[in-house]
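Topology and contacts: notes
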Amino acid sequence: MLRKKRKVQFIVVACLWLSVVASLYAQPGKPSTNNPDLVFARAVPLPQACDWENAIKEYQAFLAERPDRTDARANTENLVGDTPDEKTKPQ
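Reading the values: rules and limits
- Residues numbered from 1 in each chain as written.
- Predicted model: local features only at pLDDT ≥ 70, side-chain atom pairs only at ≥ 80, totals over all residues.
- Heavy atoms only, no water.
- Axes fitted to C-alpha atoms, helices over the stretch in contact; angles between N-to-C directions.
- Helix = DSSP H or I, 4+ residues; strand = E, 2+ residues; numbered from the N terminus.
- Parallel < 35°, antiparallel > 145°, perpendicular 65-115°, else oblique.
- Left-handed = near helix turned anticlockwise from the far one by under 90°.
- Contact = heavy atoms within 4.5 Å.
- Buried < 20%, exposed > 50% of the residue type's maximum accessible area, 1.4 Å probe, protein only.
- Arc of directions from axis to C-beta.
- Polar contact = N/O pair within 3.5 Å; in protein donor to acceptor, adjacent residues only side chain to side chain.

1. Concerning the packing of helix α2 (residues 36-43) against helix α3 (residues 52-65)
The description of two packed helices rests on the angle between their axes and on the distance between the axes. Where α2 contacts α3, the two axes come as close as 9 Å, and the packing angle between them is 155°. By the angle between their axes, α2 is roughly antiparallel relative to α3. The two elements α2 and α3 meet at a crossing, and its hand is left-handed. Between α2 and α3, the residues in contact are P36, V39, F40, R42 and A43 and A55, E58, Y59, A61, F62 and E65, respectively.

2. A look at α2
All of the buried residues in α2 are P36, V39, F40 and A43. Projected down its long axis, α2 carries its buried residues within an arc of 100°, all on one side. The N-cap of α2, judged by a side-chain oxygen 3.0 Å from the amide nitrogen of D37 a few residues on, is N35.

3. Focus on unusual backbone geometry
If you check the backbone angles, C50 has positive phi at about 60° while not being a glycine. Tracing the sequence through the fold places C50 in the loop between α2 and α3. With relative accessibility at 40%, the residue C50 sits in the partly exposed group.

Shown next as structure tokens:
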């Protein structure tokens, strides 16, 4: 009985170890910062954090790769029009 229990424990540990190793090899290295989808994903939450300048930069970088995306163009135009000047920007 004890021998069977140890065998099951060994199999479980071996499976866990193999899944960890496999997941490490399956994950790509550092994601590309030039991936347009990642650039867009970074740009979306920036206006909500009042980081208008970086949001504009990210949207412009995205539009350089995907100029046909009207949602990104509209967001950029809204940000440029809504960006407060230095006097009214929250501290």
